[in-house]
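The residues making up each chain are set out below.
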Amino acid sequence: MKRLLPYLVVCIALTLVSFRAKSAEKGIVRGKVVEEVGALPIPFAIVSVFESTAEQPLYTIQTDENGYFKFINLKIGTYKVKVSYIGYTTLFVNEIVINDKDYDKNIGNLKLAAEQGNLNEVVISAQKPLVEMGADVITYNVGSSVMAEGSTATDVLKNVPMVQVDIDGNASISGKRSTRVFIDGKPSEYMTSNIADLLNVLPSDAIDKIEVMTNPPSKYSGDGEGILNIVMKKGFKVGFNGNVSVNAGMQGNTNANASASYRGKNYNILGSTAWRQNVGRSTSESYRTNLFPDTTFYYNQFNRAKSNNDGGNFRLGFDWDITPKQSLRLSTNYNINNSNSRSGNDFYYINESQVATRLRNQQNTGDGHSDNLVFNADYSLQTDSVGGKLTMGITANTNSYTNASSFGRSYAFPANLSPSLQENHNGIDNQGITFNLDYDKPVFKKRDQLEFGVAYNYRKNDNDLVVENLNYKTNLFVTNLALSNKFFYNENILSGYASYNYRKNGWGLKGGLRAEYTNVNFDLSTGDSYNVNPYFSVFPNISVNRFFKKRYNFGLTYSVRINRPRENFLNPQVNNADTLNISYGNPDLSPSYTHQMDLSFGAFGQKWSFTPRLTYSTSSGVIERYRIVNKNGVSENTYDNVGTNNRLALMLIGNFRPNNKISANGNFTVIQSKYISRLNSSLNRDGISLLATLGFSMQLPYKTAFESNLNYTNLISAQGRNKGSIITSFGARKSFFKNTLTTRISTSDPFGRRNNSSNSSGTNFIAQSYSRSNTSNVNLALIYRFTKVKVKKVVIPPPPKP
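About the thresholds
- Residues numbered from 1 in each chain as written.
- Predicted model: local features only at pLDDT ≥ 70, side-chain atom pairs only at ≥ 80, totals over all residues.
- Heavy atoms only, no water.
- Pairing = 2+ DSSP bridges.
- Helix = DSSP H or I, 4+ residues; strand = E, 2+ residues; numbered from the N terminus.
- Axes fitted to C-alpha atoms, helices over the stretch in contact; angles between N-to-C directions.
- Buried < 20%, exposed > 50% of the residue type's maximum accessible area, 1.4 Å probe, protein only.
- Polar contact = N/O pair within 3.5 Å; in protein donor to acceptor, adjacent residues only side chain to side chain.
- Phe/Tyr/Trp six-rings, centres within 6.5 Å; stacked < 30°, edge-to-face > 60°.
- Lys NZ or Arg CZ within 6 Å of the ring centre and 35° of its normal.

## Digging into the sheet that holds strand β5 (residues 77-84)
Within the open sheet, the four strands sit side by side as β3-β2-β5-β6. Their pairing is antiparallel. Bordering the open sheet on either side are β3 (59-62) and β6 (91-98), each of which pairs with just one other strand. Strand-to-strand twist across the sheet, computed as the mean angle between neighbouring axes with direction ignored, equals 20 degrees. In this structure, strand β2 (residues 46-51) lies alongside β3, joined through four bridges in antiparallel fashion. Each bridged residue has a counterpart across the sheet, and for Val49 the counterpart in β3 is Tyr59.

Here's what the structure looks like:
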């Protein structure tokens, strides 16, 4: 018996340890996420549980159709829960203690407040999911990316799912023919003459998130098949805080920015400044075969270019909670850009016998400058205690652009051809004003939302072009009256909308109707006037969404969108910088309308998500560039309503998180396009477009993070195809001194320079173009923060004593 006693003690101890281990992992945290006003459940909200001192979550899940969530198998300890959802402020619940006696914690209803105009909630600087999927919107949380600091909006957009950025910095949504870029819900074209310039200087530090709207709500303008909405940080942190960062690259690209904000009891003041300098180098060549009944000849062109660009962005904002029911937000933005370019071109004229008969050399210079100033004011009033809200906003903008360029042409052979020198002076001024008045309110049992409003938009554009040619006999420049003119453009759009949103038992229904009255007129200094007949457009918007079995989501949407021809498309001023390939606008363009339908299905697990999406669209009067070649070999490039385009797109969007430190996301899009044209039989074509994005991020020990991204595009157009190379980027980030100092090293296209190719054809020509740019680069960034993050705590009270 004595010999058995030690074994018995060991068995009892092992049993107790086993019981203790099992009980240590039986902890439960549960609750419900609801709206602060109306207490409606919020399905699909992102809920994460953290150990009390951890920076990364243990688990991340989504609420079910009734807003409930539940974490199981938690060890004994202290935890915190984070709740976030698109359009609402983030909420933390701290000091959730799990022990043997109290292992099932019900933290009750967690109320999320609407994000707009709310200064009473504190935005928490904790890790959000990089990508959040909604029924009609994909949200990319910039703060969760390695590129969050020390880079620009253009850098960030290259990594956003479903977004592609071309070589000129223009962003668009995959599968959409036209995309508009908004900033804080306002159209960006009212803020700058060139959105690419603004995105290239807008600091990523100032961006909170980017919303990809594949089916924009009726509240937004009917322009564009999709909207990219860049939401700026509001700086809602108590006290004085901010950051400073510098970034330098081996190619000569540098940028620096600083931001600061001060939060008082009921007001917030924030400001930021940024400056960047870019150096660009590129080479390209094009080959055109000109086909005519009596002859065939060839034009080969070889180009080289170097550009230097610098610019600054300055923002200032003031937010004021006048009373608990009303708030005022004021902001202003000033953007400045300077550009300097030098390029050379060699043009070979080759006859039918493949013999070069002429070689023309051209040297080009260009110096540009732009200034953009925007002022915005938004007022919000809570009209009752059940969620009624009135908002009013006004935006005024002015911007100017000047450019001086020269084109010197000479001939290597034959020697009897005379040289020429041309100078262009271009000045563009834009002014605009927008006004909106919106009201929304729950109607029945606080499970729905009724919205309606009106808006007015006015835009004015003056484009003055003076072309001069050097008279070599007098050595004086003479104005070229055939190419010089002024273009005056005025646009007025009056719109109204109403929409209704209803949710119950996992079902969501949205319906809206927007009407817009457009009045456009423009004329030239030559005396030609164009008065486009005012037109009235109606844009229905319907969305049905079903969330079921706590992990599946089904969505169906339909909407009508418009692509309006604006000044850059309509202006008939001739650009003859390349006299063999001239371009101009088309004042006879008509608006293009698109009917688009989306069918989506989402499946979500604790470690993964998969969202396939099927899209069909049909566009009438499609506006695209259209090229013709004259008998003399001169190519004329303009815009036209080339015909009808039908598109069927399959998008596969997925995310995988094997643990709380690794995340991979990707999307693949294949688009079948078919053009049907009455303009020209050569435009009757169909083909496949491919787009792909792959991203990977990893949280490493010692506050280090790694991120990589890959992008590929291959797109069909009405007259050909544009093919890009694989674009890659890698970045690593490490924090020091309690996250006050961060260093980041990143590289773009480390495997080679970016290559792009295109081919096009018409009834009498075949053309191929190839280009290469110096995108291979290594950047080093340093970021210093003087931010004191204060978290709004929701502490669970201890249970009452028996």
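There's more to say after this.
## Examining the side chain of Asn430
Within the fold, Asn430 resides in strand β23 (residues 420-441). A relative accessible area of 10% means that Asn430 is categorised as buried. In terms of polar contacts, Asn430 uses its side chain to reach the side chain of Asn461, at 2.7 Å.

## Comments concerning the packing of aromatic side chains
Describing an aromatic ring pair means giving the distance of the ring centres and the angle of the ring planes. One pass over the full model with this rule turns up 19 aromatic pairs. Each ring, one from Phe302 and one from Tyr348, has its centre 5.9 Å from the other, and the planes form 85 degrees; the classification is edge-to-face. One end of the pair, Phe302, is in strand β19 (residues 295-323); the other, Tyr348, is in strand β20 (residues 326-350), and 46 residues separate them in sequence. Residue Phe302 is classed as partly exposed on the basis of its relative accessible area of 29%. Three or more aromatic residues link up through ring pairs in this structure, and these residues are Tyr287, Phe302, Tyr348 and Tyr770. The ring centre of Phe50 lies 5.5 Å from the NZ or CZ of Lys80, which sits over that ring. The aromatic ring of Phe347 is capped on one face by Arg360, whose charged end is 4.1 Å from the ring centroid.

Any functional reading would require information that these geometric values do not contain.
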